[in-house]
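Summary of the model geometry
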Amino acid sequence: MISQEAAQLIARRVAGAIDDRAVCLLGSRPLGAIYPPTLLDHVRATSELVVEETFGPVLPIIRCPNEIDQIISIAKRDQVWTFRSSLLEQD
């Protein structure tokens with residue numbers, strides 16, 4: 001990260017997502033200004049980690065309901081900051 005403060009900001013957002021029932025699968029603890037790649041599952045679409053620009057090596061997995069209209073609504077929200085997104089299904 002550019003600074004220790006930037007790494008701490010990401011750490012706070014990751015901790016907030018975990019407090020809100022996200023599951024950390026990898027990473028999540030900074031070492032100074034170094035923030036390791038972090039993978040979180042079951043992140044809420046309303047989490048600060050998702051709705052604010054979190055510029056760092058964090059990948060949140062947002063589980064969506066099965067209704068296509070709700071999935072599209074979550075994906076199209078203009079407050080979601082993302083450089084990449086994917087949609088995966090079982091069938």
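Structure report, in brief. (Residues numbered from 1 in each chain as written. Predicted model: local features only at pLDDT ≥ 70, side-chain atom pairs only at ≥ 80, totals over all residues. Heavy atoms only, no water.)

**Here's the deal with the pattern of salt bridges**
This model, assessed by the stated rule, comprises three salt bridges. The salt bridge partner of Arg 44 is Asp 20, with a shortest N-O separation of 3.2 Å. Here Asp 20 lies in the loop between helix H1 (4-19) and strand S1 (23-26) and Arg 44 lies in the loop between strand S2 (38-41) and helix H2 (48-51), a separation of 24 residues in the sequence. In this structure Asp 20 comes out as partly exposed when scored by relative accessible area, which is 33%. For the salt bridge of Arg 63 with Asp 41, the shortest nitrogen-to-oxygen distance reads 2.7 Å. Highlighted residues: Arg 63 in the loop between strand S3 (58-60) and helix H3 (68-76) and Asp 41 in strand S2, separated in sequence by 22 residues. By relative accessible area, which is 9% here, Asp 41 ends up buried. (Salt bridge = Lys/Arg side-chain N within 4 Å of Asp/Glu carboxyl O. Helix = DSSP H or I, 4+ residues; strand = E, 2+ residues; numbered from the N terminus. Buried < 20%, exposed > 50% of the residue type's maximum accessible area, 1.4 Å probe, protein only.)

**Structural notes on the side chain of Asp 41**
At 2.7 Å, the side chain of Asp 41 forms a polar contact with the side chain of Arg 63. Residue contacts for Asp 41: discarding those within four places in its chain leaves Ala 22, Val 23, Leu 25, Ile 61 and Arg 63. (Polar contact = N/O pair within 3.5 Å; in protein donor to acceptor, adjacent residues only side chain to side chain. Contact = heavy atoms within 4.5 Å.)

**What to know about unusual backbone geometry**
What you tend to see is this: most non-glycine residues have negative phi, and most peptide bonds are trans. Its identity is not glycine, yet Arg 21 carries a phi of approximately 85°, on the positive side. By the secondary structure assignment, Arg 21 is in the loop between H1 and S1. Note on Arg 21: relative accessible area 67%, which makes it exposed. One non-glycine residue with positive phi stands out, namely His 42, at about 60°. With respect to the element layout, His 42 can be found in the loop between S2 and H2.

**Regarding H1**
For H1, built from 16 residues, the straight-helix expectation of 22 Å at 1.5 Å per residue is met to within 8% by its first-to-last C-alpha distance of 22 Å. Along H1, the residues that are buried comprise Ala 7, Ile 10, Ala 11, Arg 13, Val 14 and Ala 17. Down the axis of H1, the buried set is contained in an arc of 165°. They therefore lie on one face. Residues of H1 that are exposed and angled more than 90 degrees away from the buried face: Glu 5, Arg 12 and Asp 19. Contact partners of the buried residues in H1: S2, H2 and S3. A positive phi of about 85° marks Arg 21, the residue just after H1. (Expected span 1.5 Å × (residues − 1). Arc of directions from axis to C-beta.)

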